[in-house]
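Listed below are the residues making up each chain.
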Amino acid sequence: MFTRVLIANRGEIALRVIRACKELGIQTVVVHSEADKDAGYLKLADRKVCIGPASSSESYLRSDRIIAAAELAGADAIHPGYGFLAENAMFAEQCRQSGIEFIGPSAEAMRLLGDKAQARKLAKRAKVPTVPGSEGLVEDEEKAIAVAATVGYPVLIKAVAGGGGRGMRVAQNDTMLRGAFKQARQEAENAFNDASVYIEKYLERPRHIEVQVLGDKHGNYVHLFERECSIQRRHQKLIEESPSPIITSKLRKDLCYAAIKLARAAEYYSAGTFEFLLDHKGQNFYFIEANARIQVEHPVTELVTGVDLVAWQLRIAAGEKLALDQRDIQLNGHAIECRINAEDPTRNFQPRPGKITHLIAPGGFGVRWDSHAYAGYEIPRYYDSLIGKLIVHRMTRGEAITCMRRCLEEIQIEPIPTTAAFHRKVLDHQCFREGQFDTGFVERELLK
Ligand code: ADP
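Everything numeric in this text was worked out from a predicted model, so none of it was measured.

Asks: Honestly, the overall build of the protein chain in this entry has me stumped. Any pointers?
Replies: The helix and strand tally for the protein chain stands at 14 helices and 22 strands. The C-alpha atoms of the protein chain give a radius of gyration of 21 Å, which matches the 22 Å a tight globule of 448 residues would have. Taken along the three principal axes of its C-alpha coordinates, the protein chain extends 60 × 50 × 45 Å. A burial count over the protein chain gives 57% of its 448 residues as buried. Once local pairs closer than 6 in sequence are excluded, the contacts in the protein chain between residues at least 24 apart make up 65%.

Structure, rendered in structure tokens:
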């Protein structure tokens, strides 16, 4: 096992990794920007290193400074968390060249899955269904129109390097497609330095269901069942749960098997997620993309399976064999996560950084609060607005909803507006309670 791990991230995920390292007896080094210099979680690490000014392009995205910090601190591995450099194959490669273990998949697997058009091809080869669409990249508008003619409108233009919903545009007809094609390419170029796009049929009212996988460096794989992530706004997740409230055990088996096939085809190791859309009839599923990292919503899986995913990322990176047998991994009860963001839902979810003067975190039976925030903490305006993840675990979905509802009343974060009250509205909706929702539900029913 590693002696010292450098954590190349911030906020709640930096804290999550520190905690896992401590339990495994590993020393921690955390890098931080000037804007995060007073963050409380830094005190829990054995060492902290300032790597630059607030702007992430000058700090959390500076692979050279991060690797230099790791070398100076004598770290033998780097955990990238999620976001920032977590899915940057070049960074993984630089770590390897510097003799530092990157805690994640190989650079090759990351490169393959990071290109969504390549990942689609891989799925086709592995005989896992993908959304009908283009064979590969779509270079110009005329080709885009030809693809739309074969799959039928509406279509979705997606960036191969996409993430966070950027570079994604829906088109209902040829005229819209011409405009949307240009916009998607431009947005992808600005966000990822890569304008390449491909096209998928835009599914009506699908559900987003993803499968958590763990693979080791010796070719062993297990799945840890699914997460239902259809509660979204602008194609970004707000609430996640496990298990999905609607899938049959047959469908669960098929999805999990498909995820393992994909992981195997990509020679993937570490924790990874394979995302699928399920059509509104709940019959057909299609692979959309893979996430080659630990995800924000990983705790719901940890709670229903009892498996510490971050600890396994560390063990796998250190070369250990998966000591988990698929038959030993059981789904127990139901877990739900609400992302608590410093955003104002009444003002179009505008980010609201600032100082938290008063904070009471929820607690009690079955409650987990993963957060780096505390009274006196100043939320910097430079990064994403996630300030905490509220996760509950109970025997049934109904009990989990009741528990989450109670926690959302208990939580007090002032004077910053948060998404907590909005989550209450979702939880109170009859359709949510019945498990009858799709990726457009929040916008249709709650943000009209
Ligand atoms: P990103 O990596 O930018 O988050 P994803 O491919 O993971 O993009 O898709 C994010 C969300 O966009 C999905 O959860 C779903 O809501 C929506 N989406 C993606 N592809 C399709 C599609 N073909 N049809 C309908 N919705 C889609």
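Okay, back to it.
Asks: What exactly am I supposed to notice about the side chain of E289 here?
Replies: Mapped onto the fold, E289 is located in strand β13 (residues 285-291). Apart from the residues lying within four places of it in its own chain, the contact partners of E289 are K116, T273, F274 and E275.

Asks: Looking at this structure, how should I read the sheet that holds strand β2 (residues 27-32)?
Replies: Backbone-to-backbone hydrogen bonds pair the strands of a sheet. The strands run either parallel or antiparallel. If you walk across this open sheet you meet the five strands as β3-β2-β1-β4-β5, and the pairing is parallel. If you trace the sheet from one side to the other, it starts and ends with β3 (47-50) and β5 (101-102), each paired once. Sheet topology note: the strand β1 (residues 4-7)/β2 ladder contains four bridges and is parallel. Looking across to β2, one finds that L6 is bridged to V29.

Asks: Please clarify how the domain arrangement of the protein chain should be interpreted in this entry.
Replies: How large an interface is tends to be reported as the accessible area lost when its parts come together. Taken domain by domain, the protein chain comprises domain 1 (4-103), domain 2 (132-201) and domain 3 (207-446). On a C-alpha basis, the centres of domain 2 and domain 3 stand 28 Å from each other. In this assembly, seven residues from domain 2 lie in contact with four residues from domain 3. Here domain 2 and domain 3 share an interface that buries about 390 Å² over both sides, 55% of which is from carbon and sulfur atoms.

Asks: Explanation requested: helix α6 (residues 141-151) in the structure shown.
Replies: Because each turn of an α-helix spans 3.6 residues, side chains separated by three or four positions in sequence point in the same direction. For α6, the full list of buried residues reads A144, I145, V147, A148 and V151. In a view along the axis of α6, the buried residues occupy a sector of 160 degrees, so they form one face of it. The exposed residues of α6 that point more than 90 degrees off its buried face are A149 and T150. Where the residues of α6 are buried, they touch β6 (155-159), α7 (174-192) and β8 (197-201). Where α6 begins, one side-chain oxygen reaches toward the backbone nitrogen of E142, 3.2 Å away; that side chain belongs to D140. Note on α6: the residue one or two positions beyond its end, G152, has a positive phi of about 85 degrees.

Asks: Help me understand the packing of aromatic side chains in this model?
Replies: Each aromatic ring pair is described using two quantities: the centre-to-centre distance and the angle formed by the ring planes. Tallying each qualifying case throughout the model produces eleven aromatic pairs. Ring plane angle 50 degrees and centroid distance 5.4 Å describe the contact between Y374 and Y377, whose orientation is recorded as tilted. Of the residues examined, Y374 reaches a relative accessible area of 29% and is grouped as partly exposed. A relative accessible area of 4% places Y377 in the buried class.

Asks: Could you clarify how one ought to interpret the site of the ligand in this entry?
Replies: Near the ligand lie 21 residues; those nearest to it are G165, E200, H208, Q232 and E289. Here an oxygen atom of the ligand and a backbone polar atom of G164 are 3.3 Å apart. Within the side chain of H208, an N or O atom sits 2.7 Å from an oxygen atom of the ligand. Alone, the ligand offers 560 Å² of accessible surface; in the complex the protein occludes 96% of this. Among the secondary structure elements, those contributing two or more residues to the shell around the ligand are β6, β8, β12 (270-278) and β13. When the residues that make up the shell around the ligand are grouped by side-chain class, the tally is seven nonpolar, eight polar and six charged. Here the shell around the ligand spans two domains, since at least three of its residues come from each of domain 2 (132-201) and domain 3 (207-446).

Asks: It is not clear to me how the nonpolar core should be interpreted in this structure. Could you clarify?
Replies: Nonpolar side chains in soluble globular proteins tend to be buried together. By size, the foremost hydrophobic cluster in this structure holds 126 residues, and its most contacted members are L6, I78, L214, F274, F276 and I340. With eight residues, the single largest contributor to this core is helix α8 (residues 249-265). For this core, the domains that each give at least three residues are domain 1 (4-103) and domain 3 (207-446). With residues up to four places along the chain from it excluded, the contact list for L214 reads N220, Y221, V222, L224, S270, A271, V307, L309, W312, I316, L322 and L324. Membership of the second largest hydrophobic core comes to 15 residues, among which are V138, I157, L177 and V197.

Thresholds, definitions, all that
- Throughout, a residue's number is its position along its own chain's written sequence, starting from 1.
- Totals for whole chains, interfaces and linings use every residue, but because this is a predicted model, local features are given only for residues with pLDDT of at least 70 and side-chain atom pairs only at 80 or more, for both listing and counting.
- Calculation of side-chain values draws on the structure's entire complement of heavy atoms; hydrogens and water are dropped beforehand.
- In this text, helices come from DSSP runs of H or I with a minimum length of four residues, and strands from runs of E with a minimum of two, each type numbered from the N-terminal end.
- Both definitions apply: the radius of gyration is a C-alpha atom measure, and the globule rule equals 2.2 Å times residues to the power 0.38.
- Burial here depends on accessible area, computed with a 1.4 Å probe over protein chains only, as a share of the maximum for the residue type. Under 20% is buried, over 50% is exposed, and the range in between is partly exposed.
- Contacts were defined at the residue level, with two residues in contact if any of their heavy atoms lie within 4.5 Å.
- For two strands to be treated as a pair, DSSP must find at least two bridges joining them.
- Domain start and end points were adopted from an automatic or database domain assignment.
- As used here, buried area is the combined drop in accessible area, with a 1.4 Å probe, of two parts when they are placed together.
- The directions considered for the arc run from the helix axis to the C-beta atoms.
- Whenever two N or O atoms come within 3.5 Å, that pair is a polar contact, provided that in protein one can donate a hydrogen and the other can accept it, and provided that, for residues adjacent in sequence, both atoms are side-chain atoms.
- Pairing of aromatic rings covers Phe, Tyr and Trp, the last counted by its six-membered ring, and requires centre-to-centre distances within 6.5 Å; plane angles under 30 degrees mean stacked, over 60 mean edge-to-face, and any other angle means tilted.
- Here a residue is near a molecule or strand as soon as one of its heavy atoms is found within 4 Å of it.
- Residue burial considers only the protein chains on display, and all accessible areas are found by Shrake-Rupley using a 1.4 Å probe.
- Under the scheme applied, nonpolar residues are Ala, Val, Leu, Ile, Met, Phe, Trp, Tyr, Cys and Pro; charged residues are Asp, Glu, Lys and Arg; polar residues are all the others, including Gly.
- The definition of a nonpolar core used throughout is a set of buried Ala, Val, Leu, Ile, Met, Phe, Trp, Tyr and Cys residues joined through side-chain atoms within 4.5 Å.

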